[in-house]
Structures are given as C-alpha cells and as structure tokens.
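Secondary and tertiary structure notes
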Amino acid sequence: MTSQSPDSKITREPPVRAPSSVPVDDAILPFEVGALDLRGRLSRLGPTLDDILTKHDYPAPVGKLLGEAIVLTTLLGSSLKFDGRFILQTQTDGPVSFMVVDFQAPDRLRAYARFDADRLMPGADSAALLGKGHLAMTIDQGPDMSRYQGLVALHGGGLEDAAHEYFLRSEQIPTRVRLAVGEEWRGGDGRATHRWRAGGLLMQFLPKAPERARQADLHPGDAPEGTAPHEVKEDDAWIEGQSLMATVEDVELIDPDLSGERLLYRLFHERGVRVFSSQRLQAQCSCSRDAVASMLKSFAAKDRAEMVQDGKVEVTCEFCSSVYQFTPHEAGVEGAV
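Residue positions within a chain follow its written sequence, with the count starting from 1. Owing to the predicted nature of the model, reporting of local features is limited to residues with pLDDT of at least 70; listing and counting of side-chain atom pairs is limited to 80 or more, with chain, interface and lining totals taken over all residues. By convention in this description, side-chain values take in all heavy atoms of the structure and omit both hydrogens and water.

1. Some thoughts on the overall build of the protein
- If you tally the helices and strands in the protein, you get 9 helices and 14 strands.
- Exposed residues in this analysis have more than 50% of their type's maximum accessible area, buried residues have under 20%, and partly exposed residues fall in between, with area computed by a 1.4 Å probe over protein chains only. Buried residues in the protein amount to 40% of all 337 residues.
- For the area figures, the Shrake-Rupley method with a 1.4 Å probe applies, and any residue is considered shielded solely by the protein chains shown. Taken as a whole, the protein presents about 19100 Å² of accessible surface, with 49% of it coming from carbon and sulfur. For the purposes of this entry, the term helix denotes a DSSP run of H or I that reaches at least four residues, the term strand denotes a run of E that reaches at least two, and both are numbered from the N terminus.

2. A word on the layout of surface pockets
- Put simply, the largest pocket is a space of about 570 Å³.
- As for the largest pocket, its lining consists of 24 residues, and the residues nearest its centre are Arg 41, Leu 76, Ser 79, Leu 80 and Gln 204.
- At the level of secondary structure, the elements contributing two or more residues to the lining of the largest pocket comprise β1 (27-33), β2 (38-45), β6 (132-140), α4 (159-171) and β9 (191-205).
- Gly falls in the polar group here, along with every residue not listed as nonpolar (Ala, Val, Leu, Ile, Met, Phe, Trp, Tyr, Cys, Pro) or charged (Asp, Glu, Lys, Arg). Looking at the lining of the largest pocket residue by residue, the class counts come to 15 nonpolar, 5 polar and 4 charged.
- For the lining of the second largest pocket, the secondary structure elements donating two or more residues are α7 (260-268) and β10 (274-275).
- Element by element, the count of residues in the lining of the second largest pocket is highest for α7, at 3 residues.
- Across the lining of the second largest pocket, the residue classes break down as 11 nonpolar, 3 polar and 3 charged. Of the grid points, spaced at 1 Å and generated over the protein atoms alone, those admitting a 1.4 Å probe that cannot get out make up cavities, while open sets with protein on both sides within 12 Å along at least five of seven lines make up pockets; any residue with an atom within 4 Å of a point is treated as lining. Grid points are joined across faces, edges and corners, and a volume is the space filled by probe spheres set on the points.

3. Overview of the sheet that holds β6
- Taking strand neighbours across the sheet as the criterion, the 6 strands line up as β7-β6-β3-β4-β5-β12 in an open arrangement whose pairing is mixed. The sheet terminates laterally at β7 (148-155) and β12 (282-283), the two strands that pair on one side only.
- By definition, two strands form a pair when at least two bridges between them are found by DSSP. Alignment of strand β4 (residues 98-104) against strand β5 (residues 108-114), held across 7 bridges, turns out to be antiparallel. In the sheet register, Met 99 faces β5, and the bridge partner there is Ala 113.
- Note on definitions: a residue-residue contact is assigned when non-hydrogen atoms from the two residues lie within 4.5 Å. Geometry is summarised by axes, namely lines fitted to C-alpha atoms with helices restricted to the contacting stretch, and by angles between N-to-C directions that run from 0 to 180 degrees. Strand contacts of helix α2 (residues 60-77): β3 (85-92), β4, β5 and β6, with the helix running at about 35° to β4, the strand carrying the most contacts.
- Against the sheet, α4 touches β3, β4, β6 and β7, its axis set at about 130° to β7.

Structure follows, in structure tokens:
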C-alpha cells in the first residue's frame with residue numbers, strides 16, 4: 001500500500017451517462033458546455049402553465065404572450081440564491097397593456113395580464129400585442145433588504161428582444177434567450193382536450209478570462225454625427241454557441257415527448273454537455289383570506305363603505321381568481337353590525 005504524495009492532485013471526472021428519455025415538466029434544468037464556456041438553463045412548463053392560464057380563460061394570443069413572460073421569468077428568477085422574489089412586469093400602450101409574473105424562490109409562480117379585447121387583431125405577434133412602453137424586472141430580497149430594479153424600454157419588439165437588451169445594458173454578459181409557447185390538443189373519449197405548454201432556453205458566455213466576454217461599448221447618445229460605432233470581435237466559442245442555439249425549433253422546446261436532457265444533447269453533444277439537478281416549479285398564489293382582510297384594513301373608512309354591494313364585500317384575486325367574501329363588519333365598515 002502506498003500513500004498519496006501531498007503534492008499530487010486527485011481529479012474526479014463527472015459521471016458520463018446517456019441523456020434521460022423521460023420528459024420532466026414544470027422544471028428548470030441547469031446545464032454547462034465547458035468546452036465553449038457556456039452556462040444556461042432550460043425551462044419546460046406543462047401543468048403549471050396550464051393552471052395559471054386557464055384560470056383566466058385568456059384569448060389565445062394573450063395566453064401565448066403571458067406564457068412567454070412566465071417562461072422568461074422562470075429562466076431569470078431561478079438564478080436567485082436566496083428566498084426572495086423575482087417580479088417581471090410590463091406596462092405598454094399595446095392591446096396587452098399590463099402583465100406581471102411573480103416568482104417566489106425557490107419554486108412558486110403566479111401571473112396575470114390585462115388586455116383590451118376590442119384591440120386584439122388576428123395573427124398579431126408578441127411585439128404587436130405589447131406595443132411601446134417598458135419592462136421592469138425587480139429582485140426583492142425581503143423587508144430588511146433594498147430592492148433592485150432593472151428597466152428596459154419596449155420599442156415594438158418582443159420579450160426575447162427585451163431580454164437581450166437587458167443583459168446587454170445591465171448585466172453586460174453575452175446572453176441569448178429563446179421562448180416558445182403552444183397549445184396542445186389531444187383527442188380521446190370522443191372529445192378533444194386542450195392544454196398549454198411552453199419552453200425556454202437561456203444561454204450565457206462566461207469564460208474565465210473576462211476580456212473574452214467583452215462587448216462593444218454602448219452608443220452614448222450624444223456622439224458627433226459620423227462617429228464610427230465601437231466594435232469588438234466576438235469570441236469564436238460564443239459564435240459557435242449562438243449558432244448551435246439558433247438551430248433549436250419552437251416545437252422542440254414544447255414537445256411533451258422530448259426530454260430536456262435529450263434536447264440539450266441534440267444541441268451540444270459534439271462539444272459535451274453537463275446537466276445539474278433540476279429545480280421543480282409550481283403554480284401557487286400567495287393570497288389568503290387573512291391577507292385580503294389585512295389589505296382591506298389599509299383602505300380609508302369611506303372607501304371600505306363604498307365596497308359594500310348586496311350586503312357584502314367581495315374581493316377577487318387577480319392572480320388566481322379566488323373570491324373572498326366578507327360581511328361589512330368583517331371588512332371594518334364603520335357602523336356595520
């Protein structure tokens with residue numbers, strides 16, 4: 001028996017196995033392509049997305065857009081390393097004037113959208129539904145910590161464009177995002193069943209040498225006319241990663257029979273891809289009768305009195321559509337018995 005030299009190093013290679021063929025819905029799958037200095041996350045949503053969208057019976061274009069916002073939120077919010085909240089919110093002049101997605105780490109999702117049904121046009125894409133306005137992404141670390149918020153202007157583009165703009169201006173990390181949402185129809189028992197599905201892929205270039213990830217300086221806005229834009233040659237590894245990611249199709253991201261591991265293997269098997277433990281997701285609203293009662297107490301007495309209709313106060317949660325009813329006395333209406 002010989003002892004190990006104190007100067008020698010023991011390296012343990014990660015186990016190598018075939019990609020699992022078992023699809024897993026409502027989960028985030030982190031991955032790494034070490035040969036290209038790429039890290040990322042793959043999001044696959046099934047019952048969780050369907051639960052959120054069907055509670056509001058959104059028109060198909062609105063459901064698809066909100067589904068994209070939900071997928072984007074899971075890709076961004078799942079990176080939180082603490083029990084906080086990641087909130088994505090849009091406010092625009094388009095037919096879908098407001099959306100909010102609330103991700104509470106590590107796994108809880110809720111969302112809703114406001115829209116003008118009269119302005120919905122057949123065949124309108126995400127950019128047309130959003131219009132112009134802004135997208136806000138807020139990280140809430142709790143009551144004892146300050147909030148961080150990033151704003152991105154929406155100039156008629158979609159959520160993928162907004163995500164790329166955010167990472168370019170705020171994080172300055174080379175990043176690409178793909179989002180896909182679809183409706184699944186299946187026959188059986190003499191009737192067709194409908195379900196929403198979605199998938200998303202986020203990929204970032206994170207080399208050990210920071211100069212390899214350098215990006216061109218942003219236009220200052222006041223440069224003299226004719227000033228040449230700053231250019232930085234993209235790293236070959238990042239170019240290859242983007243080329244591989246560009247081959248993924250929407251149907252692959254939402255295919256209920258294609259596992260996330262197999263999809264990542266399709267994309268990166270020539271370079272080698274490593275996956276990590278998946279993170280499950282669920283649709284769960286944080287509303288409760290006690291929380292709504294506390295909210296009512298925050299209103300002025302006059303406002304609470306005006307809420308009484310047919311001898312009761314009724315409050316509907318915009319996220320999950322749960323209805324809470326209170327007697328005037330329970331709602332704190334002065335003079336109520």
